[in-house]
Number of protein chains: 2
Amino acid sequence: MNVPNGLFVKMVIDAWNKELGATNKLLDKLTDEQLMQEVSPSRNRGIYLLGHLTAEHDQMMPLLRFQEATHPELVPIFLDAPDKAIATLPSLQQLRAYWMAVNDTLMGHIARLPADEWFTRHANITEADFPNEPHRNRLNVVLSRTTHLSNHRGQLTLLTNK
Amino acid sequence: MNVPNGLFVKMVIDAWNKELGATNKLLDKLTDEQLMQEVSPSRNRGIYLLGHLTAEHDQMMPLLRFQEATHPELVPIFLDAPDKAIATLPSLQQLRAYWMAVNDTLMGHIARLPADEWFTRHANITEADFPNEPHRNRLNVVLSRTTHLSNHRGQLTLLTNK
């Protein structure tokens, strides 16, 4: 039995879309005031997690060899630094807009990539090394970022009714 | 280009193992006292999440058509009821042991299943319907439970330093 590549791509992209859809639904429900709260005492605030996820998804674009990141200025704030280390963050209005734009741009690329292309290397592995580690392909980036998103969505959920 | 089925399977099982390994590392670090705390005020306690994940993974066994669940008594407590609805829970000592045993049994089945078999139906879809929805296969169960585990691991992480 030979499973068509497209089926596997569908399984992973469906999981990504499901997780992203659930996160968007949650973010729609959360007020700006709620997003300024910590998910648990002394832990990350919602605003930090939103910026963190936006920066991480933005970085998927070069990693997937689609295009350059659109908001590199988020990296030092939301990937390199922990929450509360940097006094002035972008506003929630800005971050909500970046979040939607980054995911839309990413989804445009994802939807256009032919099934076979998903099994080519991501940007963090060289062409020379890839034949020995064919699992380090572009689809695996989406898979790992889906669990990353789910991890933080579980935390953001705790902000409802706060 | 035809991607071998075994490569897809490896990608998903690797993601499962990575998530499970991170959860086990976290559970080793968390004391029983920490697991009795709520992950955030008025939210689920660690003990409930541990029972919930154990019950969910146990239910993967029939869903994957491996064998019957080994702890069906956990379903009413940790899947049907929310936290704090049931006064007496199994002890943390018991739950930690169940958690390890369930995942070990499950992993034994997972490791033995031939690659092609992963693309056959799971138990919640009929043989008649499966040809029209081939993504509802056994591998997809592992994929969806990986994001489920990640979601709750993100919450359990909040118990460290409590």
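Counting restarts for each chain: residues are numbered from 1 in the order of the written sequence. Written order determines the labels here, with chains lettered from A and ligands numbered from 1. pLDDT decides what is reported in this predicted model: residues at 70 or higher carry local features, side-chain atom pairs at 80 or more are listed and counted, and totals for whole chains, interfaces and linings draw on all residues regardless. Values reported for side chains reflect all heavy atoms of the structure, with hydrogen atoms and water molecules removed beforehand.

Enquirer: Just checking my understanding: could you explain the overall build of chain A for this structure?
Expert: Scanning chain A from N- to C-terminus turns up six helices and zero strands. Ordering the α and β elements of chain A from the N terminus gives α-α-α-α-α-α. Taking 2.2 N^0.38 as the reference for a compact globule, 162 residues should give roughly 15 Å; the C-alpha atoms of chain A span a radius of gyration of 17 Å, in line with that estimate. A principal-axis box enclosing the C-alpha atoms of chain A has dimensions of 50 × 30 × 25 Å. A burial count over chain A gives 55% of its 162 residues as buried. A separation threshold of at least 6 residues defines the contact pool for chain A, and within that pool the share at least 24 residues apart is 72%. Each helix corresponds to a stretch of at least 4 residues labelled H or I by DSSP, and each strand to a stretch of at least 2 residues labelled E; elements are numbered beginning at the N terminus. We take the radius of gyration over the C-alpha atoms and set the globule estimate at 2.2 Å times the residue count to the 0.38 power. Burial here depends on accessible area, computed with a 1.4 Å probe over protein chains only, as a share of the maximum for the residue type. Under 20% is buried, over 50% is exposed, and the range in between is partly exposed. Contacts between residues were defined by any pair of non-hydrogen atoms, one from each residue, lying within 4.5 Å.

Enquirer: Explain the interface of chain B and chain A to me, please; I cannot follow it from the model alone.
Expert: Quoted interface sizes are often the accessible area lost when the parts come together. Taken residue by residue, the interface counts 35 residues in chain B and 36 residues in chain A. Throughout, the accessible surface (probe 1.4 Å) given up by two parts as they are put together, summed over both, is called the buried area. Both sides together, the interface formed by chain B and chain A hides about 3,100 Å², and carbon and sulfur atoms give 62% of it. Salt bridges are defined by distance alone: a side-chain nitrogen of Lys or Arg within 4 Å of a carboxyl oxygen of Asp or Glu. On inspection of chain B and its partner chain A, the count reaches zero salt bridges. In the analysis that follows, any N or O atom pair within 3.5 Å is treated as a polar contact, provided that within protein one partner can donate a hydrogen and the other can accept it, and provided that, for residues neighboring in sequence, both atoms belong to side chains. Taken together, the links from chain B to chain A amount to 12 residue pairs in polar contact (both at pLDDT 80 or more). Among the elements that take part in the side of chain B that touches chain A, helix α6 (residues 138-156) of chain B stands out by supplying 10 residues, more than any other. Just so you know the grouping, Ala, Val, Leu, Ile, Met, Phe, Trp, Tyr, Cys and Pro go in nonpolar, Asp, Glu, Lys and Arg go in charged, and all remaining residues, Gly too, go in polar. Looking at the side of chain B that touches chain A, its residues break down into 14 nonpolar, 15 polar and six charged.

Enquirer: Explain unusual backbone geometry to me, please; I cannot follow it from the model alone.
Expert: Glycine aside, a negative phi is what most residues show, and trans is what most peptide bonds show. All names here are of chain A. We note that Lys-84 has phi near 75 degrees; this positive angle belongs to a residue other than glycine. For Lys-84, the position within the fold is in the loop between α4 (74-80) and α5 (92-112). For Lys-84, a relative accessible area of 42% corresponds to the partly exposed category.

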